[in-house]
Amino acid sequence: MLRDEVAKAFKVVQDGGIILYPTDTIWGIGCDAANTEAVQKIYRLKQRDEAKSMIILLDTDNKLASYVLEVPELAYSLIEYAENPLTLIIPGARNISPALIAGDGSIGIRVSNHPFCQGLIQRLRKPLVSTSANISGKPSPQYFSQIDQEIIDGVDYVVDVDQHSMEIKNPSTIMKLSPNGQFEFIRR
């Protein structure tokens, strides 16, 4: 079943669509991180200010250097030892849609350990956009059943994995890294 859902989601994302999918944190809305048109669809659906960038998901930290000019060495240690999902904001974003890059040139990146996310990212061979499945300003849903119908109706595909899970998942910890190794917590 997981393989079938990855294949269906891959087709939608490859064709420029947006999906609603489970992650290692909360449910997300995503697309191909290199497709600016698809990224803009997500901004419109969420009614989100385009100045607020979204994050990308990778399946392995080996791919960080493909999307960031200079990966701080600290990033690899943080990912390896993080006990909870961790999003790193790193300067020097590249090879992704300009619509995802923050005004300071940074991008938020999380290495996902969710089997669906890993399967889709491996098949896509590109990062996947991830943003909470809510209209901007409304609370992030903890379960699939809490997602607004407007979001469900607004995506091109709803992934049929983990929809009945009642496991409480929280948003990731967010840390901003500098090339010189300094860091600050944005969200704990």
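Structure first, text after, so check above.
Residues numbered from 1 in each chain as written. Predicted model: local features only at pLDDT ≥ 70, side-chain atom pairs only at ≥ 80, totals over all residues. Heavy atoms only, no water.

Q: Quick rundown of the packing of helix α1 (residues 2–14) against helix α5 (residues 115–124)? Include the residues and the values.
A: Two numbers describe how α1 lies on α5: the axes approach to 9 Å, and their chain directions differ by 50°. When the axes of α1 and α5 are compared, the pair comes out oblique. As for how α1 packs across α5, the hand of that crossing is right-handed. Between α1 and α5, the contacting residues are Leu2, Glu5, Val6, Ala7, Ala9, Phe10 and Val13 on the first element and Pro115, Phe116, Gly119, Leu120, Arg123 and Leu124 on the second. Its residues assigned to classes, the contact of α1 with α5 comprises 10 nonpolar, one polar and two charged. (Axes fitted to C-alpha atoms, helices over the stretch in contact; angles between N-to-C directions. Helix = DSSP H or I, 4+ residues; strand = E, 2+ residues; numbered from the N terminus. Parallel < 35°, antiparallel > 145°, perpendicular 65-115°, else oblique. Left-handed = near helix turned anticlockwise from the far one by under 90°. Contact = heavy atoms within 4.5 Å. Nonpolar A, V, L, I, M, F, W, Y, C, P; charged D, E, K, R; others polar.)

Q: Describe unusual backbone geometry, with residues and values.
A: The phi torsion at Asn95 lies on the positive side, around 60°, for a residue other than glycine. Checked against the element boundaries, Asn95 lands in the loop between β4 (86–90) and β5 (107–111). Given the relative accessible area of 53%, Asn95 is considered exposed. One non-glycine residue, Asp162, lies in positive phi territory at about 65°. Tracing the backbone shows Asp162 in the loop between β7 (157–158) and β8 (173–177). (Buried < 20%, exposed > 50% of the residue type's maximum accessible area, 1.4 Å probe, protein only.)

Q: Tell me about the pairing of β8, residues and numbers included.
A: Of all the five residues making up β8, four are buried; the element is thus mostly covered by neighbouring parts of the structure. Pairing of β4 with β8 involves four bridges; the strand directions are parallel. Following the sheet pairing, Leu88 is matched in β8 by Met175. (Pairing = 2+ DSSP bridges.)

Q: Describe the packing of aromatic side chains, listing the residues and the values that go with them.
A: Considering all chains together, one arrives at three aromatic pairs under this definition. An angle of 40° between the planes, with centres 6.2 Å apart, marks the rings of Tyr21 and Phe116 as tilted. Here Tyr21, found in strand β1 (residues 19–21), pairs with Phe116, found in helix α5; they are 95 residues apart in sequence, far enough to count as distant. Here Phe116 falls in the buried class, since its relative accessible area comes to 0%. Relative to Phe144, the ring of Trp27 lies with its centre 4.9 Å away and its plane at 55°, an arrangement referred to as tilted. Of this pair, Trp27 sits in the loop between β1 and β2 (28–30) while Phe144 sits in the loop between β6 (128–132) and α6 (149–154); the two residues are 117 residues apart in sequence, bridging distant segments of the chain. (Phe/Tyr/Trp six-rings, centres within 6.5 Å; stacked < 30°, edge-to-face > 60°.)

Q: Got a sec to walk through the state of the cysteines? Specific residues and values, please.
A: Applying the stated rule across the entire model yields zero disulfides. Distance from the sulfur of Cys31, which forms no disulfide, to the nearest cysteine sulfur (Cys117) is 13 Å. Taking relative accessible area as the criterion, Cys31 reaches 0% and is therefore assigned buried. Of the residues examined, Cys117 reaches a relative accessible area of 0% and is grouped as buried. (Disulfide = S-S within 2.5 Å.)

Q: Mind laying out the nonpolar core, listing which residues take part and the relevant values?
A: If you look at the biggest cluster of nonpolar residues, it comprises 39 residues, and the most contacted ones within it are Leu20, Ile29 and Leu100. For this core, the element with the most residues is helix α2 (residues 36–46), which contributes five residues. With near-sequence residues (within four places) excluded, Leu100 lies in contact with Ala33, Val39, Ser53, Met54, Ile56, Ser106, Ile107 and Val129. Membership of the second largest hydrophobic core comes to 18 residues, among which are Ala9, Val13, Leu57 and Leu124. (Core = buried A, V, L, I, M, F, W, Y, C linked by side-chain atoms within 4.5 Å.)

Q: Could you give an account of α2, with specific residues and numbers?
A: Within α2 the residues assigned to the buried category are Ala38, Val39, Ile42, Tyr43, Leu45 and Lys46. Buried positions in α2, seen along its axis, are confined to an arc of 165° and lie on one side of it. For α2, exposure combined with an orientation more than 90 degrees from the buried face picks out Glu37 and Arg44. Capping of α2 at its N-terminal end is provided by Asn35; its side-chain oxygen lies 3.1 Å from the backbone amide nitrogen of Glu37. Positive backbone phi, at 55°, marks Gln47, one or two positions downstream of α2. (Arc of directions from axis to C-beta. Polar contact = N/O pair within 3.5 Å; in protein donor to acceptor, adjacent residues only side chain to side chain.)

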